[in-house]
Each structure stands twice: as structure tokens, then as C-alpha cells.
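Structural overview
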Amino acid sequence: MAMIAKVMRILRRDSLVASRDSMLIIILAMPVLMAVGIQLFAPGIADSVVRIGLLDDDPADHAAFVAEYARVERFGSVAELERRIAKRDEIAGMVRSGDGYEIVVQGDEGPDLLNYAKLLNALYELGGSRDDSTASVLSFGKAVSPIKAKLANMLILMMVMLSGMTISLGIVEEKSDDTISAVNVSPVSQNAFIVGKSLLGGLSTLASIVIALLILGYSGVNWPMIILVGLTSMVLTFIVGFLQGLSSTDVIEAATGVKMTMLPIAGSIAGYELLSDKWQWTMYWSPFYWAYKANDLILTERADWPTVLLCAAMVSGISLAIYLVAIPRIREGLS
Amino acid sequence: MVSVRNLSHSYGNDGRLAVDDVSFDIGKGETFGFLGPSGAGKSTTQGVLTGLLRLQKGEVTVAGYDLRTVRKERFNKIGVSFEQANVYSKLTALENLRFYADLFDAPTRDPHELLELVGLAGRENDRAGSFSKGMKHRLAFARSMLNYPELWFLDEPTTGLDPAIAAVIKGVIKAEQAKGTTTFLTTHNMYIADELCDRVAFIVDGSIKLVDTPRNLKQRYGKKLVEVEYLRDDGSIAKETLRTVDEGDRERLAGIVRSRDIVTMHSKEATLEEIFIQITGRGLD
Ligand SMILES: Nc1ncnc2c1ncn2[C@@H]1O[C@H](COP(=O)(O)OP(=O)(O)OP(=O)(O)O)[C@@H](O)[C@H]1O
Ligand SMILES: [Mg+2]
């Protein structure tokens, strides 16, 4: 009980200093601003990227239905539509023929687009809608814009990295004022100190992840999953934050050091996105790979608990291993 | 209150001992001084006793706690003032004390009263970062008294302070002594040791050469100095201080008395510093 009060006291002290420290405020506000930026300046990626061409005389209910799932472009004639389809980017046409619709494609489109158009057509004929459709219908995947999900995911990992920087800055402050020795001769255990010093970075990062996702329109996302993955992936940056804070003498050095975690993060994202399934295993060592993968599934609404738990377990397991290696150095540095 | 047996401490692996087989006891209510030149091992000893440095060798009991088992709760009874003032620059004087006060599980003193005591009244709401070195030192000193410590560690409490402020700090220490606070004080200032300490340990190169009360030391060694002024052949006045316990000095004194015109001659009470030099063969700075 007393320990919790002391942990909270350390958090309160850190928050007070943070409110005076413009550097920290910038660190915390940056991701939120970036979320606003993504939302404002890239409205296109917020929409579905699947493009469907319809004729001007397409029935209103059908057009409205398609528009719910795809970016719709209208054309005056079949010839005009075909000219558009012949252009380099991917667009499928839907033209009425008899009772149903004919799907018009150029032929070099990816199979996804064709399947998507077919499914959309089938769904329409079945009288389905997004609201009463089952998960299997939604899970054909493109209901949530994949590019936006990727940007949001990168933003989350960036915020996770910044939480490490926040911690690092807090430790640098204690070091440059040499106040750790004063805390060490107070009845505060080293564990309470470590937890207390992690709280500001941890809580503010969780808060900015939530705010950023709300700004980006993910209010319906599975929050428990997001928070679980967020928390577990922060553990590693905390360790990096402590180590970097302890080995740096000033703010700039600490920030530079934590930024180095950007490398494995970027590598993990690239690996997940670019490597074929056959080579994905080469990224299994990276906790950020698992975090990115979990977030990707969660943000595109394809996640299930077993998979998320596996990813979270991998993140924590790898972080724990690193923690066990690093903790003697952290403890030594703090005393 | 404190019991130290055969304490040694080394910073590196080179076998050089910063503290070398030191033993002493501090009784309840006593002020025990570590007097020695720079690098003697005073701060190192305080570091081990306060748990900031790991106990490597020896047996140490502090405020009833054996240092081999680490119990953080003991700091509810202990106050520590450091050689280098260490306070949060981004917090005000008051915030510094309030934060630290909240870390104790024991009653704490009113921060305002403490700031007043060390002459920082009126500066409560200024950031410690804007303080001079002496002001920071006083703030850290005030912090060390927050928890009504039964055992108080003071590393060079007045070093670097101007005389007026040093006098204030000495006054505060004396007031605490009167309340029965046990104090471990390190200094290389013999006046401080003389004025504030019940007993003094002379420490040089990591070892204690002698422990006694300042009064005993002065009685034992004090009257044994003779200061003599005499005329040289060229008419100028020469001045020598000679120890009556030293065979060579006695011969020399006899020679001067026999063959010179004495201007003045009197026995003199030695200062702790002179005694320190007699015993350790080293000066204090
Ligand atoms: N952190 C350290 N690392 C390595 N050696 C150290 C360290 N601190 C002190 N020493 C060495 O240990 C010896 C004792 O130092 P200590 O600080 O205890 O002396 P002191 O008596 O407090 O001196 P001062 O009056 O200058 O404060 C010195 O030789 C010093 O060089
Ligand atoms: Mg010292």
C-alpha cells in the first residue's frame, strides 16, 4: 500500500516536471498531431482503396450499396467505362446485364480485385448489408483501409518508442541532478522507483495511442487487444529507455540512443510487409515484428484472441529475456 | 547506534583500498567526526554506512540494522546530507522538500520551517536550478532533516559556505545535538571537528590513526608545544614552534635558550590541526 503511494508520488513529480519541460510535451503531443495530419491531409487513404466503376443510370440502391464498400466512379457510357478500366490502375466495372450484373475488368488486375467485385455482387444479390453481415463476409478484408491501418500501426510503434524516450529523459534528469542517491537513502525500494519512473512514459503513451486511434476513426477497434499489445510492446522500450538514460549524460544523447530502437522497429515493419510467408520466420526474433503483426490484425479487424495472445506472449517473452540480461545493469546504474 | 568492524572498501580491482580495515562505534546521541585530508576515505566510509556503496568487507550495523541484509525501511530513521548538493533543479525548494517528505513512512517536519532554519525563507517557490551552490547545499541539508532522523550523516556540512552561513549551519547542528540526534560528520576542517564533535577519528589514506575527544587530544598534546622567538646574529627575529615530547626538538630548544637572546617564549595549546600533523605526519589540506 505504502509502496503504491510512493510510486504514485514519483509519477506526480515526473508529471510536474514534464509539464515544465517543453521537450517532453513535444514528445507526447507529436504522435497526436501526426494522427490529425494523417486524417486531414490524406483523406483518400481513409476510404476503401477498391475502385468500382458504375454507369450513370445504375439504380440508386445498388450504387449506394457498392459505395459502402468501395470508391465508386460513374461513367456516361460503357465505352467510357471501358476506357477508364484500360488505364493502368486497378478498377473494376459493374454493368447491368439481364437480371444481374456483369463484372468488367481489363484482365491484368490482381485476383483480389476480381474476387472482391464478385463477392460484392454476390452479397448484393443475397440482400446482405454491412450491418447484418457475418464476420466471414467482413473478413474478405478490405472493409478497413489497409494503408490507413498500416500508418496507424506505424504510429503506434513510434509512440511506443517515444515512451522509452520519456523514461530516458526522466532518468537523465535524476542523473544530472544526482538525485538518485537521495532517493536511494529514502525508504523507497528500487522496484518502486523503477515502476514509478516507468509510469509517466507508459500511461502517457497508452493515452496518446488511444487518442490517435480515436482521431483516425478506430473507435470500434478491439480496445482490450490494442491495449494488451501496446503494454507488452512498451516493456522493451522501457528497458532501452532505462539503459540509455543511465548511460547518457544529457538529453540529446539519451534521445539519440532511444531513436536507435527505430531501426529494429522499421526493420520489423519492412520484414512483415515485404517478406513472403516463407521468410517471415526470419523476423520472429523481433518483439516489434510480433507487435506490428498483432496490431495489423487488430486494426484490420482480422484478429482473434488466440493469435493476439500468441503475439503478446512472443513480445513479452523476448522482452523478458532482454530484461533479465539488462536488469543487473539497470540496478547497478541506479545505485 | 553505529558499529563498524574491520571495514574495507575498494573502488577498483587493483587492490587499492579507499578504506582500509576501519573499526569504530558511535554511541546514541553522540557526534562522531571523521577528520582527514582530501582523499582520506571519509566520503567512502559514509557511502558504505548509508548503503550507497555496497558493503564489501567488514561488519557494519547502522541504527540497529545489519548492512548485510538490505532493509530500505531503516531510512525512516536516517538522514543523509551529501558532499555534493543534489536536488531537483526543475522543482522549487518547497517542491523538493515536499516530494522527499512523501517518500517516508514516518512523520516529517514542516518544509517551511526547515527552509526558514537554513535561511531560505522567501525562496520557497524558486526553482532549485536557479540557486547558488551554497543555497543548493543548504536545501539538501534541510532535506536531510525532514524525517526527524535519529541518525544523521553529514558529509562536509559547511565546506564551501561563506562564514555567516556556515555559522547558521553549525547552529542547526548544535540544536539537533541538543535533541539527542546521533551524528556522523566528515570534515577536513579542524575547527568544525573541534566545535561540533564529541569524538574525532583522524583518518589518513583509508585508515584511522586515532580516536579521542577533542579535549583529551588537546590536553594530551596541547601544552607540549613551545613557541620561541629569538634574535638572530643579524638582529632579525626568528620564530620556532617546538614539541617538548620530541627529543630533537628538546635539544634544539635547550640550544636556543643557551646561546640566543630570547624575545618571547611560551607554551602553547596546539590546534587539532597541529595535533593531526604530529600524529599522522600529514596536513589537513
Ligand atoms: N567513485 C570513485 N571511483 C574510484 N575511486 C574513488 C571514487 N570515489 C573516491 N575514490 C577514491 O577513494 C579514495 C577516498 O575518497 P573519498 O571520497 O572517500 O575521500 P574523502 O576523504 O571524502 O575526500 P574529500 O575530503 O576530498 O571529500 C580516494 O583515493 C579517491 O580517489
Ligand atoms: Mg569526501
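Bear in mind that the values here come from a model prediction, so they are computed numbers and not experimental data.

Focus: the sheet that holds strand β11 (residues 225-231) of chain B
Residue and element names in this part refer to chain B.
- Spatially, the three strands line up as an open sheet ordered β12-β11-β13, and their pairing is antiparallel. The open sheet is flanked by β12 (237-243) and β13 (262-268), the only strands paired with a single partner. Along the sheet, successive strands turn relative to each other by an average axial angle of 15°, direction set aside.
- Here β11 pairs with β12 via seven bridges, running antiparallel. Considered in β12, the bridge of Leu225 is made with Arg243.

A short note on the domain arrangement of chain A
- Each assigned domain of chain A is listed here: domain 1 (25-41 + 144-334) and domain 2 (51-131).
- Of note, the centres of domain 1 of chain A and domain 2 of chain A, computed from C-alpha atoms alone, are 42 Å apart.

A look at the nonpolar core
- In this structure, A:Leu299, B:Phe24, B:Leu49, B:Val62, B:Leu139, B:Phe141 and B:Phe202 are the most contacted members of the largest nonpolar core, which totals 147 residues.
- Of all the elements, helix α8 (residues 146-176) of chain A adds the most residues to this core, at 14 residues.
- Residues contacting B:Phe141, with those up to four places away along its chain left out, are B:Ser81, B:Val118, B:Trp152, B:Leu154, B:Ile169, B:Val172 and B:Ile173.
- In terms of nonpolar packing, the next biggest core, distinct from the first, is built from 16 residues, A:Val50, A:Tyr69, A:Leu113 and A:Ala117 among them.

Description of helix α6 (residues 111-125) of chain A
All names here are of chain A.
- Relative to the 21 Å expected for 15 residues at 1.5 Å per residue, α6 spans 21 Å between its end C-alpha atoms, a close match to the ideal helical length.
- Inspection of α6 places Leu113, Tyr116, Ala117, Leu120, Asn121 and Leu123 among the buried residues, and these make up the whole buried set. Looking straight down α6, one finds its buried side chains confined to an arc of 165°; they lie on one side. Exposed residues lying more than 90 degrees from the buried face of α6 are Pro111 and Glu125.
- Gly127 lies just past α6 and shows a positive phi near 75°.

Digging into the coordination of the magnesium ion (ligand 2)
Residue and element names in this part refer to chain B.
- At this site the magnesium ion (ligand 2) is bound by Ser43 (OG), Glu83 (OE) and Glu83 (OE), with donor distances of 1.9 to 2.7 Å. In this pair, Ser43 is assigned in helix α1 (residues 42-49) and Glu83 in the loop between β6 (78-81) and α2 (93-101), connecting sequence segments 40 residues apart.
- Given a relative accessible area of 39%, Glu83 falls into the partly exposed group.

Things to note about the pairing of β11(B)
Residues and elements named next belong to chain B.
- Counting buried residues along β11, five of its seven residues qualify, which places the element largely inside the surrounding structure.
- As consecutive antiparallel partners, β11 and β12 are separated by five residues, and within that stretch Gly235 has a phi angle of approximately 95°, a positive value.
- Pairing of β11 with β13, which is carried by six bridges, proceeds in the antiparallel orientation. Along β13, the bridge assignment pairs Leu225 with Lys268.

So, the interface of chain B and chain A
- Contact with chain B, which involves 25 residues of that partner, is made by 25 residues of chain A.
- Summing both partners gives a buried area of about 2300 Å² for chain B against chain A, and 60% of it is carried by carbon and sulfur.
- Ranking the residues of chain B by area buried against chain A places B:Lys72, B:Tyr88 and B:Lys90 at the top, with a combined share of 28%.
- Counting the contacts that link chain B with chain A gives four salt bridges.

Cut-off values and rules
- Residues numbered from 1 in each chain as written.
- Chains lettered and ligands numbered in written order.
- Predicted model: local features only at pLDDT ≥ 70, side-chain atom pairs only at ≥ 80, totals over all residues.
- Heavy atoms only, no water.
- Pairing = 2+ DSSP bridges.
- Helix = DSSP H or I, 4+ residues; strand = E, 2+ residues; numbered from the N terminus.
- Axes fitted to C-alpha atoms, helices over the stretch in contact; angles between N-to-C directions.
- Domains from an automatic or database assignment.
- Core = buried A, V, L, I, M, F, W, Y, C linked by side-chain atoms within 4.5 Å.
- Buried < 20%, exposed > 50% of the residue type's maximum accessible area, 1.4 Å probe, protein only.
- Contact = heavy atoms within 4.5 Å.
- Expected span 1.5 Å × (residues − 1).
- Arc of directions from axis to C-beta.
- Donors = N, O, S within 2.8 Å, 3.2 Å for Na, K, Ca; no water.
- Buried area = accessible area lost by both parts, 1.4 Å probe.
- Salt bridge = Lys/Arg side-chain N within 4 Å of Asp/Glu carboxyl O.

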